[in-house]
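Each chain, written out:
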Amino acid sequence: MNSNKLITPVLFIIFNRPDCAQAVFNEIKKAKPSKLYVSADGPRTAVTNDEINCTLTREIIKQIDWDCELHTRFLKDNLGCGPGPATAISWAFQNEDKLIILEDDCVPVKPFFFFCQEMLDRYEDDKRIWLISGNNPTEEKMVFDYSYFFSLYGHSWGWATWKRCWKHFDFEMTQWPDFYKQNRFNDLFPTKEESDFFKNIYSYIFNDKNKLKHIWDFQFGFTIRTNSGLCIVPKKNLVKNIGFIGSHADNKTLYHDRKVDPDFTVKNHPEYVLASRSYDYYHYKKHWVKMMQISFFNKIIRKIKKIIKH
């Protein structure tokens, strides 16, 4: 395959943030995908300026100036930040077997696209691999001299996958009650600490139906893990998240706007398809635990602000 030509379809998921979406589109434009899917959620009726911001965001694709097969899905009604992206991915997979996926606040560098393309082709028939991440928030813990490695933890801040994996996605997590009843969490992670941590997270998500309907990535993570799936993670971070203020963030954290490597290339491949336990445990402690602490802190701040206002 010509590594200088992006023939893998790209799905761009947008909503009401024209500035963020423009930053992402600027990078898509550099990669010049031959096929682009754009899915836009509809405006919320009760939110001021949503309609105009949604319109401005959608108009960005008029800037396409390269040879590109464009497919659009512009919704009239608002599905929300859970069903919106989930149904967008399912929509694009109606026609494709593999996709590179970007939401409107995940700004990639150009090598991200070609890394995903190479990995999608190389591991297309390897059913052990479920997700290719462009995001590496703990790259300081690299223990192997490979261009990428395998992990239990892959992120969707710029990512890619295959239809063979997404077809198992279950937004409602209908397998959860039986999985919980059988107490299978100790089979998912190498340490009891990690097992208990994610058992609590998934219990909270499943039992809070309001929370469940506002996310989709945790559900896909559950699907990956219950199918013994592995994720590919690049040695260097290739995507920065600029969504400091939005559906799931109140301010900039150490996980936003991280440094990216604009010169990244795949120079060598891992010899073994095995999750790196040393990286995974470090990532669990430095990313997941801290992220939950930040989320808890932000909830407290929101409650205090509400009290002050009243």
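Our subject is the structure that appears above.
Attention here is on the structure that accompanies the text. Quick caveat: nothing in here was measured; it's all calculated off a predicted structure. (Residues numbered from 1 in each chain as written. Predicted model: local features only at pLDDT ≥ 70, side-chain atom pairs only at ≥ 80, totals over all residues. Heavy atoms only, no water.)

## Description of the sheet that holds strand 2 (residues 35-40)
(1) Moving on: Read across the sheet, 8 strands follow the order 3-2-1-4-8-6-9-7 without closing on themselves; strand pairing throughout is mixed. The sheet terminates laterally at strand 3 (69-74) and strand 7 (148-151), the two strands that pair on one side only. For this sheet, the mean inter-axis angle between neighbouring strands, taken without regard to orientation, is 25°.
(2) Moving on: The sheet contact formed by strand 7 and strand 9 (residues 230-234) spans 4 bridges and is antiparallel. Paired with Phe149 across the strands is Val233, a residue of strand 9.
(3) Moving on: Here helix 3 (residues 83-92) sits on the sheet and contacts strand 1 (10-14), strand 2, strand 3, strand 4 (98-103) and strand 8 (159-162); the angle it forms with strand 1, its principal contact strand, is near 155°. (Pairing = 2+ DSSP bridges. Helix = DSSP H or I, 4+ residues; strand = E, 2+ residues; numbered from the N terminus. Axes fitted to C-alpha atoms, helices over the stretch in contact; angles between N-to-C directions. Contact = heavy atoms within 4.5 Å.)

## Notes on the nonpolar core
(1) Moving on: Counting residues in each nonpolar core, the largest one holds 84 residues, and the members touching the most others are Phe113 and Phe198.
(2) Moving on: When residues in this core are grouped by element, the largest group, 7 residues, is from helix 4 (residues 110-122).
(3) Moving on: In this structure, Phe113 is in contact with Leu6, Val10, Glu27, Ile28, Ala31, Ile100, Leu102 and Pro108, ignoring residues within four places of it in sequence. (Core = buried A, V, L, I, M, F, W, Y, C linked by side-chain atoms within 4.5 Å. Buried < 20%, exposed > 50% of the residue type's maximum accessible area, 1.4 Å probe, protein only.)

## Observations regarding the packing of aromatic side chains
How two aromatic rings sit relative to each other is given by the distance of their centres and the angle of their planes.
(1) Moving on: Per the counting criterion, the structure on display carries 37 aromatic pairs.
(2) Moving on: Summarising the aromatic geometry, the rings of Tyr281 and Tyr284 are spaced 5.8 Å apart at their centres and angled 40° between planes, so their arrangement reads as tilted. Remark: Tyr284 and Tyr281 occur in helix 10 (residues 277-309); sequence separation between them is 3 residues, near one turn of the helix.
(3) Moving on: Classification of Tyr281 by relative accessible area gives partly exposed; the value is 32%.
(4) Moving on: Tyr284 gets classed as buried once you look at its relative accessible area, which sits at 3%.
(5) Moving on: Just above the ring of Trp162 sits the side chain of Arg164; from NZ or CZ to the centre is 4.2 Å.
(6) Moving on: Sitting over the ring of Phe198, Arg225 keeps its end group 4.8 Å from the ring centre. (Phe/Tyr/Trp six-rings, centres within 6.5 Å; stacked < 30°, edge-to-face > 60°. Lys NZ or Arg CZ within 6 Å of the ring centre and 35° of its normal.)

## Re the packing of helix 1 (residues 18-31) against helix 4
(1) Moving on: One way to put it is that helix 1 packs onto helix 4 with a least axis distance of 8 Å and a crossing angle of 60°. Taken together, helix 1 and helix 4 sit at an angle that is classed as oblique. Two packed elements cross with a definite hand, and for helix 1 against helix 4 that hand is right-handed. Along its contact with helix 1, which presents Glu27, Ile28, Lys30 and Ala31, the element helix 4 presents Lys110, Phe113 and Phe114.
(2) Moving on: Here the contact of helix 1 with helix 4 is composed, by residue class, of 4 nonpolar, no polar and 3 charged. (Parallel < 35°, antiparallel > 145°, perpendicular 65-115°, else oblique. Left-handed = near helix turned anticlockwise from the far one by under 90°. Nonpolar A, V, L, I, M, F, W, Y, C, P; charged D, E, K, R; others polar.)

## Side note on the pairing of strand 1
(1) Moving on: Counting buried positions along strand 1 yields 5 of 5 residues, so the element is predominantly enclosed.
(2) Moving on: Of the two faces of strand 1, the one lined by Val10, Phe12 and Ile14 and the one lined by Leu11 and Ile13 are each fully buried.
(3) Moving on: As paired strands, strand 1 and strand 2 are joined by 5 bridges and run parallel to one another. The residue of strand 2 that forms the bridge with Ile13 is Ser39.
(4) Moving on: One crossover worth recording links strand 1 to the parallel strand 2 by way of helix 1, and it is right-handed. (Right-handed = clockwise from strand over helix to strand, strands pointing away.)

## Some words on the pattern of salt bridges
(1) Moving on: This model, assessed by the stated rule, comprises 14 salt bridges.
(2) Moving on: Between Glu27 and Lys30 there is a salt bridge whose closest N-O contact spans 3.1 Å. Taken together, the residues span about one helical turn, with Glu27 and Lys30 both in helix 1 at a distance of 3 residues.
(3) Moving on: Its salt-bridge partner being Asp121, residue Lys98 comes within 2.5 Å of it at the nearest N-O pair. With Lys98 in strand 4 and Asp121 in helix 4, this residue pair connects regions lying 23 residues apart in the sequence. (Salt bridge = Lys/Arg side-chain N within 4 Å of Asp/Glu carboxyl O.)

## A closer look at helix 1
(1) Moving on: Look at helix 1: 20 Å from first C-alpha to last across 14 residues, which is about the 20 Å you get at 1.5 Å a residue.
(2) Moving on: Within the sequence span of helix 1, burial applies to Pro18, Cys20, Ala21, Val24, Phe25, Glu27, Ile28 and Ala31.
(3) Moving on: Contacts from the buried residues of helix 1 go to strand 1, strand 2, helix 2 (50-58), strand 4, strand 5 (106-108) and helix 4.
(4) Moving on: Just past helix 1, the residue Lys32 takes up positive phi, approximately 50°. (Expected span 1.5 Å × (residues − 1).)

## Topic: the environment of Asp170
(1) Moving on: Summarising the element assignment, Asp170 is placed in the loop between helix 5 (163-166) and helix 6 (176-181).
(2) Moving on: Placed 84 residues apart in sequence, Asp170 and Ala86 show a C-alpha to C-alpha distance of 9.7 Å.
(3) Moving on: With residues near it in sequence (within four places) discarded, Asp170 still touches Gln175, Gln219 and Thr223.

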